[in-house]
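In case you want the letters, here they are:
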Amino acid sequence: MQITDFDFRLPDELIAQKPLEKRENSRMLCLNRTTQTWEDKNFFDIPDLLKKDDVLVLNNTKVFPARLLGVSETGAQVEIFLVKEIENNMWEALARPMKRLKVGKRVSFGQKLNAEVLEKTKAGRCLVKFEADGDFEEILDEIGKTPLPPYIRRERDAIDRDRERYQTVFARERGAIAAPTAGLHFTPHILEEVKNIGVTIAEITLHVGYGTFEPVRVNDLSEHSVSPEQCEISVETAGLLNQAKAENRRIIAIGTTTTRALESSVSETGMIRSGRRLADLTITPGYKFRVVDGLLTNFHLPQSSLLVLVSSFAGFEFIIKAYLHAVDSNYRFYSYGDCMLIL
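Small disclaimer: the values here were computed from a predicted structure and weren't measured. (Residues numbered from 1 in each chain as written. Predicted model: local features only at pLDDT ≥ 70, side-chain atom pairs only at ≥ 80, totals over all residues. Heavy atoms only, no water.)

### Focus: the pattern of salt bridges
Step number 1: For the structure shown, the criterion picks out 17 salt bridges.
Step number 2: The partner of E142 in a salt bridge is K112, and the shortest N-O contact between them spans 3.2 Å. With a gap of 30 residues between them, E142 in helix 2 (residues 136-143) and K112 in the loop between strand 8 (106-108) and strand 9 (113-120) connect regions that are remote in the sequence.
Step number 3: For K112, a relative accessible area of 37% translates into the label partly exposed.
Step number 4: A salt bridge links R172 to E203; its shortest N-O distance comes to 2.8 Å. A residue pair is termed long-range when its members are at least 10 positions apart, and R172 in the loop between helix 2 and strand 11 (173-176) and E203 in strand 12 (residues 200-206) qualify at 31 residues.
Step number 5: Judged by its relative accessible area of 25%, E203 falls in the partly exposed class.
Step number 6: Several salt bridges converge on common partners, so that one network encompasses E92, R125, E214 and R217. (Salt bridge = Lys/Arg side-chain N within 4 Å of Asp/Glu carboxyl O. Helix = DSSP H or I, 4+ residues; strand = E, 2+ residues; numbered from the N terminus. Buried < 20%, exposed > 50% of the residue type's maximum accessible area, 1.4 Å probe, protein only.)

### Focus: the packing of helix 6 (residues 305-314) against helix 7 (residues 316-328)
Step number 1: Interaxial distance between helix 6 and helix 7 falls to 7 Å at its minimum, and their mutual angle equals 120 degrees. Judged on the interaxial angle alone, helix 7 and helix 6 are oblique. From helix 6, L307, V310, S311 and A314 reach across to helix 7, where they touch F316, F318, I319 and Y323.
Step number 2: Tallied by class, residues from the contact of helix 6 with helix 7 come to 7 nonpolar, 1 polar and no charged. (Axes fitted to C-alpha atoms, helices over the stretch in contact; angles between N-to-C directions. Parallel < 35°, antiparallel > 145°, perpendicular 65-115°, else oblique. Contact = heavy atoms within 4.5 Å. Nonpolar A, V, L, I, M, F, W, Y, C, P; charged D, E, K, R; others polar.)

### Some remarks on the sheet that holds strand 5 (residues 67-72)
Step number 1: Sheet architecture is closed into a barrel: 6 strands sit in the order 5-6-7-10-9-8, paired in antiparallel fashion. Averaged over all adjacent pairs, the angle separating strand axes in this sheet is 45 degrees, with direction ignored.
Step number 2: With 2 bridges joining them, strand 5 and strand 8 adopt antiparallel strand pairing. Across the sheet, the residue bridging to S72 is V107, located in strand 8. (Pairing = 2+ DSSP bridges.)

### Brief notes about the pairing of strand 16 (residues 294-298)
Step number 1: With 5 of its 5 residues buried, strand 16 lies for the most part within the structure.
Step number 2: Where strand 14 (residues 251-254) and strand 16 come together, 3 bridges link them in parallel fashion. Paired with A253 across the strands is L295, a residue of strand 16.
Step number 3: Where strand 16 lies against strand 17 (residues 339-342), 4 bridges are found, and the strand directions are antiparallel. Bridge assignment links L296 to a residue of strand 17, and that residue is L341.

### Considerations on the side chain of Q17
Step number 1: Within the element layout of this structure, Q17 appears in the segment before strand 1 (27-32).
Step number 2: In this structure the side chain of Q17 is engaged in a polar contact, spanning 2.9 Å, whose partner is the backbone oxygen of Y151.
Step number 3: Excluding its chain neighbours within four sequence positions, the residues that come into contact with Q17 are Y151, I152, R153, R154 and Y336. (Polar contact = N/O pair within 3.5 Å; in protein donor to acceptor, adjacent residues only side chain to side chain.)

Written out as structure tokens, the structure reads:
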């Protein structure tokens, strides 16, 4: 298939700029893969749509303040967006404006943090070495900004108003540069309701990286590859999921990141493996899902790898029709938007 097959018209006004006051009030489009039908509901209805003995799998990654606003030696304002730590205090990063950041140039981020540009990569990124007057992570927490996606517009002095809201209520393991947005709809009360009907809740960790949102740069999807991301599944969780599979219980992934972590961790014998590894699977139409039976996900960008993954799970024509319905029905799109439950 071609990536252009996954295009659709999305009016700008449907791109959610702010979260709802109450997380659980998001709208939820519920899709039935068997009957090829859908129903308009709200997220707070989700306990009524689950079954006793279902297993919900959450991604407990925690977003860290990966955006740094600094000043170069020439006095120019510079933004450094941390992408991946290469070694202690050395990071692969995106930078704006990249043209002004020559190799060897230094950038100051206040009194406690400085950086030097070591290298520019072919992928349009740079390697940056930091010098911190104190603990690097503590300084990041103090001066770093929330790494909101570029389609959420904020004034420069208002970026960090989202620090708490752009985080799931179950976030624990620091390391993501973007939130696993399907999880943003949950509240402690909803999680408790779900447990009370007999649903098991399990957690995995996949640190959402730039690869999740990187544009698809090829037309032929057979040539597409999503960058690897670090993930971890505990021995306890792997055992729980393998037992659920053996008992034919539904495993419902909360988000595409959880889906990728689970499907990347299946052995040749069909068992879910525990441990830390790189989730390097690229899911495109024709992929046979081996773990996930249901999926909660937000609405994604046209021509994105995430839309391709969701279409691979539910069927291309079904998803495109559902997306057109969502547009016509004024569903809110992207990170702070509404969601879709596919069962």
